[in-house]
2 protein chains.
Amino acid sequence: MDKTDNSHDFTYTDWTLVETQLKPNQIQHRETVFTIGNGYLGTRGSFEEGSTRAVPATFIHGVYDNVPLVYTELANCPDWLPLIVTVDGERFRTERGEILSYERQLDLLRGILRRKVRWRSPGGKTIDLCFERFASLADEHVLGLRCQLTPVDFDGLIEIQGSISGYPENQGFNHWELIDQGKTNRGAWLQLQTRNTRINLGMAVGMTVLGADAPVQVSSPPGYPTLSTVFQASLGQTVTVDKFVTVFTSRDVDNPVKEANEKLAQLPDYEALVDAHVQAWAQAWDKSDILIEGDTKAQLAVRYNIFQLLISAPEHDEKVSIPAKTLSGFGYRGHVFWDTEIFILPFFIYTQPKLARNLLTYRYLTLNGARRKASHYGYKGAMYAWESAETGDEVTPRWLPPNDFYGEDIRIWCRDREIHISADIAYAVWYYWKATDNDEWMRDCGAEILLDTAVFWGSRVEYNTKHERYEIRGVIGADEYHEIADNNAFTNRMVQWHLEKALFVYDWLRHTYPDRFNTLQQKLQLSAGRISRWQDIINNIWIPYDPSTGLVEQSEGFFKLEDIDLAEYEPRNRSIQMILSIEETNKRQVLKQPDVLMLLYLMRQSQEFPYTPETVEKNWDYYAPRTDITYGSSLGPAIHAILASDLGKSKEAYEHFMQAALVDIEDVRGNAHEGIHGASAGGVWQAVVLGFGGVQFAEHQPTATPQLPPGWKRLKFKLHWRGEWHEIDLRPTPQDTMTLPDIRGVIFDLDGVLTDTAEYHYLGWQKLADEEGLPFNREANEDLRGVSRRESLLKIVGKKQYSEKQLQEMMDRKNRYYVDFIQTMTPGDLLPGTIALLDELKQAGIKIALGSASKNAQTVLEKLGIADRFDVVADGYSVQQPKPAPDLFLFAAQHLGLKPEQCVVVEDAAAGIEAALAAGMYAIGLGPSERVGSAHVVLPNLAGVHWTELRDKLSNDQ
Amino acid sequence: MDKTDNSHDFTYTDWTLVETQLKPNQIQHRETVFTIGNGYLGTRGSFEEGSTRAVPATFIHGVYDNVPLVYTELANCPDWLPLIVTVDGERFRTERGEILSYERQLDLLRGILRRKVRWRSPGGKTIDLCFERFASLADEHVLGLRCQLTPVDFDGLIEIQGSISGYPENQGFNHWELIDQGKTNRGAWLQLQTRNTRINLGMAVGMTVLGADAPVQVSSPPGYPTLSTVFQASLGQTVTVDKFVTVFTSRDVDNPVKEANEKLAQLPDYEALVDAHVQAWAQAWDKSDILIEGDTKAQLAVRYNIFQLLISAPEHDEKVSIPAKTLSGFGYRGHVFWDTEIFILPFFIYTQPKLARNLLTYRYLTLNGARRKASHYGYKGAMYAWESAETGDEVTPRWLPPNDFYGEDIRIWCRDREIHISADIAYAVWYYWKATDNDEWMRDCGAEILLDTAVFWGSRVEYNTKHERYEIRGVIGADEYHEIADNNAFTNRMVQWHLEKALFVYDWLRHTYPDRFNTLQQKLQLSAGRISRWQDIINNIWIPYDPSTGLVEQSEGFFKLEDIDLAEYEPRNRSIQMILSIEETNKRQVLKQPDVLMLLYLMRQSQEFPYTPETVEKNWDYYAPRTDITYGSSLGPAIHAILASDLGKSKEAYEHFMQAALVDIEDVRGNAHEGIHGASAGGVWQAVVLGFGGVQFAEHQPTATPQLPPGWKRLKFKLHWRGEWHEIDLRPTPQDTMTLPDIRGVIFDLDGVLTDTAEYHYLGWQKLADEEGLPFNREANEDLRGVSRRESLLKIVGKKQYSEKQLQEMMDRKNRYYVDFIQTMTPGDLLPGTIALLDELKQAGIKIALGSASKNAQTVLEKLGIADRFDVVADGYSVQQPKPAPDLFLFAAQHLGLKPEQCVVVEDAAAGIEAALAAGMYAIGLGPSERVGSAHVVLPNLAGVHWTELRDKLSNDQ
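Fair warning: this is a prediction, and the values are worked out from it, not measured in the lab.

1. A word on the overall build of chain A
Phase 1: If you tally the helices and strands in chain A, you get 31 helices and 36 strands.
Phase 2: At 32 Å, chain A has a C-alpha radius of gyration in line with the 30 Å of a compact globule built from 958 residues.
Phase 3: Along the three orthogonal principal directions, the C-alpha set of chain A runs to about 110 × 80 × 60 Å.
Phase 4: Looking at the 958 residues of chain A, the share that counts as buried comes to 62%.
Phase 5: Within chain A, contacts between residues separated by at least 24 positions form 67% of all contacts whose residues are at least 6 apart in sequence.
Phase 6: Per element, the accessible surface of chain A, about 34700 Å² overall, is 47% carbon and sulfur.
Phase 7: Each charge class in chain A can be summarised by its mean position, and for the 97 positive and 132 negative side chains these summaries are 1 Å apart.

Here is the structure:
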């Protein structure tokens, strides 16, 4: 089996992500993937019973605490998951005993995470365990966890210990001091306080048992309140243990412990809590769902990304924003970047504008931090932090410390130079306002953001007297591979754009809300001089654009840097910067992420300079090949997907889109264990709605000019625009559908395709030939590929004469040998890539058949453990005429209920390809061209082969 | 009462440090003070039940783990102390309920820490709790803890929970990953592993109950194995709970958990463990004790410092050394400095040379780290780390990060520049060898240290062609206030000395062990050129010494720096560097610690250049006044004590000595909460033995030329020199004793001395006078100071005639008023400084009497809460003749069993001073000279007055 493939133990359905296998070395990645939350907190998908290498975490919005080097971080909060099950003295852990079956499901529709495990203890007791958990979307302070236990083959004593752990850690560091703990008649509680920021947290826990007479005991080791129960369990009888947790902090209420205890005391039963929670999710999905038909994997992935955005958006808190890794991991320490405003925010602006407003209000409330930063650097106005946390002060680490005793520290320059963040925030403010017409918010919050950051720009630009132009020197643009750039086109144009909008807002405010205007004018010292200078900067700032070529130069002198051919570095699994070093990368024309293209994308929304379809095309051709899109920044692929789609490069667009959509589920970049890629998730929404959907916002309503990816049969979503909902329901143009073969079924040959039974056949024939004294060897065996048993025998006996009875006996004999051999087969005999491909087909709704001449096909499929994946098995008993006659494949298609032209045959034998073509089907040949060259598509084998790629190849072949 | 005094809740006895009061704001300081250990581990004196602000810690030698910025630190190990006592549902914590009595004792003789608390629960139940703990010196893997509980006024249910906590933290960081845990029939166990260094730790815990029928239950929340028991306790019946803990790491054994469980299973009972432990301590003290007679406080303090050194010295491990803060706190992260070789090592060299050898072997085993450091800096040979840990690589932090968002990092230069450490280690190697004649160790380890560091010096010195001399530029000397110095005298001379010894050892090895010599010659590339260069450096290195003045210039240009008068900065409670800033301090002639004087001290041992009594005197006069001895470095006072003693400045010597000796107990520098000052403790031993004892090591035996501090009647200790023990038993010279008054008792007046009852007398007299129409006021009251009741009345009535009966009635009446007033007195009415002084007298063995004319003296003493501190009370009933007659004081002296000349009277009234002088006693007058000027010593009051100072003043007066 293909061990390097990450995807093959997931099954995708429209609403549910299903993990079918437990892989200990992917524990941390899966913890990220199965994060749940409710906009107040996020909890990683760690196991209730704990596990080696687990990194459990619960993050609550705004609960930051100090830490050296990176200043502040989201403090991992007490772990509410621990539930220890002990079966007759044997403690359940997945690392011990035997996992007989395993399935974990994230139900996106209901926001519930479930896990079913059949476990056999080291002592031989088998039990079914079913865990379920949710963070209530109906009441953000409530968490529920259920465990159902059913003994499969024993009666015995089961002990359950449910705890809250006051020892959570941020990579070893515990931000909490234990203040107090205690018992109530409903359970136990814990009071903690962050070490430096002095945030108080109260958490209460209760537990009930259904289906057994089991009183719950409370014990209270320091920092580890524990509820426990012991009961006699009987074979086949299910006992249900429900654990309830409530949590408050001093950011929410005055007395968190009291509130947690009161809330716990008032909770209804588990089912009622789930009902309210599911109802809240229904409302959320009603606004924010995207329906995709014809591509189950894309459907699930898009919903997954939306789910992760929804659970990280604060509904009742304007003092926080969504960190780069949401509330799902330790990466970037819970700091907030431009990721929120540029990548994530559009989703909220157009589906849940109230949440978008909360996120932008965070920027308003942290203006003073931005002012302190400006002042520290010697500028005026408000200079937003590249990385921001509770105060808005700059929290980007200054140094990356070395790993060894004598290494040098690496200076990180983003805090000083990546100044475009201030314009990015202005951009988000502007489009929030455009989409909502929320003039009150613009008056009270947005205008001050926009204007005071404009004041900053007024102090930051420099006038170049030689060239008589404004410049901005010494920055890092969107592309972080160039650590110090002058006149970065992205930055300069965004500043110009920002100042244009600032002047507009200045005039608007003066006319519409003169009182507020006067207040701000005084507060921000918006003198006539400052305003006129903004206009002057707009007129005279240099944007390095060459109309003759249509190219925008990323930064001054960029085109003079050493060029690079990224293909020369393939294959690779790390970034170009890691390969070349920071210094060498600085010297080359290689981008971490779109920069000029990012600018063009941002200007696309309102078709502003330098955006035109032509500039996009010219600059795409220049910059896309020079962008480290695979391992550079996760911010890139969604943007490339949109622009590629605009340029009609639908295959490339879809690839980039899926790269973004699966970045977390399939750990495309290898770093998903650090947390959800929030910006990528937001980019996925933009790629679907603004890219494939082609949505533009006219004054009155959104319009769509769709470019649906191949195979998408429907794309439907809602948009909120200026107070009204607009439903967009798109289907492919006829042109789209015509270009694609309408493939509904795949028929696999067995030997040499799914497994190597050819070897066992050979061994059977060889044994027979040896017994009969017939000349035979491996070379001769090659001629038997895809040939029926009888014909094979005839080839072996050659000219030697045998009676029909003898022939029959010999066929039977060889078959006995063969059947003996194949009894030893296991799933390990599957060829690489098969399972993954079968899964993908199932997810994509493609039917699957076997088309093999073998009379032992059914046995082999069972031995291989894949029998249940086949809708139809056509084998040596199914038809009379063997391959190359088309009969066997036609038989399979008929039983699948498909037309021949809707089927693809995967074959490794020349006769098989011939049969497929004769049947009027698509053929995929595995092996050398000399053998299978007449197939539509030729591949060496199925390792690493994905259905979408196969489909593309078949359509290209047309 | 004097709240700023730290000492007054300690009582000092010869062998036991007694804390008599629980002060919540000194919790962390006291945790350091009451550290116990056994050379394998150290455990801070945290409470078993936990407490707010507690910083519990157990450090095991060599258990380091990685940490950013400071590279590595001693990992706080699982806490073995937790023992939670719950009385009828109320959990014992000192912060709750009421502490009715409290005493904590560190028994240095037996190495046992005890605490007795009488606690009244919030619900009103009173219980006596007696805790006791020890880290076995007989078996370093065994820890014992006993808790005895006696209900005082109730029968009730008591629950005990004894745990080991797998969540220890280094200032928030938990270095441990939980590997496994479990139960045995003796208790429970825990297995952890350090995150980066992958050190495995196994800890097992057992618990037994005596005096109650109480089975022990085991529960096992993740990382928190807990043994618990519940029993019915009866009034007056004592129940004893014994907790046993065993601990091993993978540094000691292959399977720590197995060893811990086996060790636990084999343990005898608590008493037997204590017996073996006490016996081991008896052996340790037999070698290392110092006996001081005549100064209980110094006696206790010296033993305390020795105790702290003994418990931090590894007996079975040569791969570790003693960190700057021993194993008692988080300061300096468990890193090893020159503190060990220069300050601590002499104690071990001369009393337990095997331990000294272990510590030096650590340096041998970390030579490769020193070589890596040399190589990194571009030098040859071995350059020892300024801060060293498990590998010997440099672990001094490079940066001190700022505390705020925009602050700059502070570069720490010690790793680069404080290079004298390599010579310091050579110095220790040399004197270990001299003291032990251990040629084998010198051959196998010492020579390689000495020679390869000499190789380093050969590459580090620079030749100045202009001056034709070798120089060492860009260093930090012993004095760290000067961050970059050229030709630091301390460094240059130590290097010269080092090379001298290196040449000696080179020759010695060549002649004595030619094989080893050849090996080292090849390994270290000891070419003829290198050796001849060493001699050249010895001959030509510049030592900035001016024979005409006798002054050594600390570094080139030091005398040209701005001068400073430290008196101008008094009073202060922080260092000069903190007052002036790093930069400004660099520019001035102010020292953090002895530098030239340190060099003179080190050269004193063998009377080498530039040491002479004259250079000491001249340089003392120059540098001592410029040294920030109070708040600079804790390494200074002991060295100043020795040199001051040599110079005959016995008072100054004793003051510096006590500053060092009490640095931890009385938190002299305000930072003892970070851990024991190990170097100071070693310095204290040197000050007593080499300073006051005047020990010099001749070839055949040590000789002593004592200079005992005032009051010391005997100084006795043992020294191990070249394989033999030498007992040194010193007594003061007759000259010493003659100069001191032999004071054995202090007699206090009451009113105006211990308390302000004068005010209550005044109120009584005023009330009487008003009733009788007699003229009286505060001014007239001044004349009544120290005057009997009758005489006072006569002064008030003046010429007015009253019968004796009337007078008697008036005296009775006034007395009734007065007695009414004094009923309201409390300990709060004590005058500042009284309690502290009474404590010091008790500790110093001085008897105490009251000598007051008041007939209510006994009542007043009781109201003030000090009645039990007085050996004799002489009051208005004792004698006929009032002051100024001597009768009352003579009465007191007689009942104290003392001669008048052995007594001091403390008085605030002229009549009292007159009486004291008439009695032939010493008199201390409190108040203005006009009133008490005839006393031997006049003070404003007793606030901040220390007995040693008073005694000195009285002796100066002679």
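Picking up after the structure, the text goes on.
2. A short note on the sheet that holds strand E32 (residues 847-851) of chain B
Residue and element names in this part refer to chain B.
Phase 1: Taken in spatial order, the 6 strands make up an open sheet running E33-E32-E31-E34-E35-E36, and their pairing is parallel. Taken across any chain shown, the strands that pair with only one partner, and hence form the sheet edges, are strand E33 (872-874) and strand E36 (937-939). Strand-to-strand, the axes of this sheet are offset by a mean angle of 20 degrees, without reference to chain direction.
Phase 2: Of the strands in this sheet, strand E34 (903-907) and strand E35 (922-926) are in contact with helix H29 (residues 910-918), which crosses E35 at around 170 degrees.

3. Thoughts on the sheet that holds strand E14 (residues 176-183) of chain A
Residues and elements named next belong to chain A.
Phase 1: With antiparallel pairing, the 10 strands of this open sheet are ordered in space as E1-E2-E9-E10-E11-E12-E19-E16-E15-E14. One side of each edge strand has no neighbouring strand; the edge strands of this open sheet are strand E1 (10-12) and E14. When strand polarity is set aside, the average angle formed by the axes of neighbouring strands in this sheet is 15 degrees.
Phase 2: Both strand E16 (residues 200-210) and strand E19 (residues 239-249) contribute to a ladder of 10 bridges, which runs antiparallel. If you follow Ala204 over to E19, its bridge partner there is Thr246.
Phase 3: Set on the sheet, helix H3 (residues 270-288) makes contact with strand E10 (112-120), strand E11 (126-135), strand E12 (142-151) and E19; between it and E11 the angle comes to about 50 degrees.

4. Some details on the UniProt feature "active site" (unreviewed entry) in chain A
Residue and element names in this part refer to chain A.
Phase 1: UniProt's entry tags Asp749 and Asp751 with the feature "active site" (unreviewed entry), counted in the numbering of this structure.
Phase 2: Tracing the backbone through its elements, the reader meets Asp749 in the loop between strand E31 (745-748) and helix H22 (757-772).
Phase 3: With a relative accessible area of 5%, Asp749 lands in the buried category.
Phase 4: Once residues within four sequence positions are removed from consideration, Asp749 is found in contact with Leu754, Leu850, Gly851, Ser852, Lys883, Val906, Glu907 and Asp908.
Phase 5: In this structure the side chain of Asp749 is engaged in a polar contact, spanning 3.2 Å, whose partner is the side chain of Lys883.
Phase 6: Residue placement: Asp751 occurs in the loop between E31 and H22.
Phase 7: Setting aside anything within four residues of it in sequence, one finds Asp751 in contact with Thr757, Ala758, His761 and Asp908.

5. A closer look at the pattern of salt bridges
Residue and element names in this part refer to chain A.
Phase 1: Tallying each qualifying case throughout the model produces 125 salt bridges over all chains.
Phase 2: Here Asp107 ties to Arg110 by a salt bridge, and the two come within 2.7 Å at their closest N and O atoms.
Phase 3: Under the relative-accessibility criterion, Asp107 is labelled buried at 3%.
Phase 4: You can call Arg110 partly exposed: its relative accessible area is 34%.
Phase 5: Arg572 serves as the salt-bridge partner of Asp628, at 2.7 Å between the closest nitrogen and oxygen. Here Arg572 lies in the loop between strand E26 (551-552) and helix H14 (576-580) and Asp628 lies in the loop between helix H17 (613-623) and helix H18 (636-646), a separation of 56 residues in the sequence.

What counts and what doesn't
- Residues numbered from 1 in each chain as written.
- Chains lettered and ligands numbered in written order.
- Predicted model: local features only at pLDDT ≥ 70, side-chain atom pairs only at ≥ 80, totals over all residues.
- Heavy atoms only, no water.
- Helix = DSSP H or I, 4+ residues; strand = E, 2+ residues; numbered from the N terminus.
- Rg over C-alpha atoms; globule rule 2.2 N^0.38 Å.
- Buried < 20%, exposed > 50% of the residue type's maximum accessible area, 1.4 Å probe, protein only.
- Contact = heavy atoms within 4.5 Å.
- Areas by Shrake-Rupley, 256 points an atom, 1.4 Å probe, with all protein chains shown as cover.
- Lys, Arg positive; Asp, Glu negative; His and termini not counted.
- Charge placed at Lys NZ, Arg CZ, Asp CG, Glu CD.
- Pairing = 2+ DSSP bridges.
- Axes fitted to C-alpha atoms, helices over the stretch in contact; angles between N-to-C directions.
- UniProt positions renumbered as here; feature names shortened; annotations may be inferred.
- Polar contact = N/O pair within 3.5 Å; in protein donor to acceptor, adjacent residues only side chain to side chain.
- Salt bridge = Lys/Arg side-chain N within 4 Å of Asp/Glu carboxyl O.

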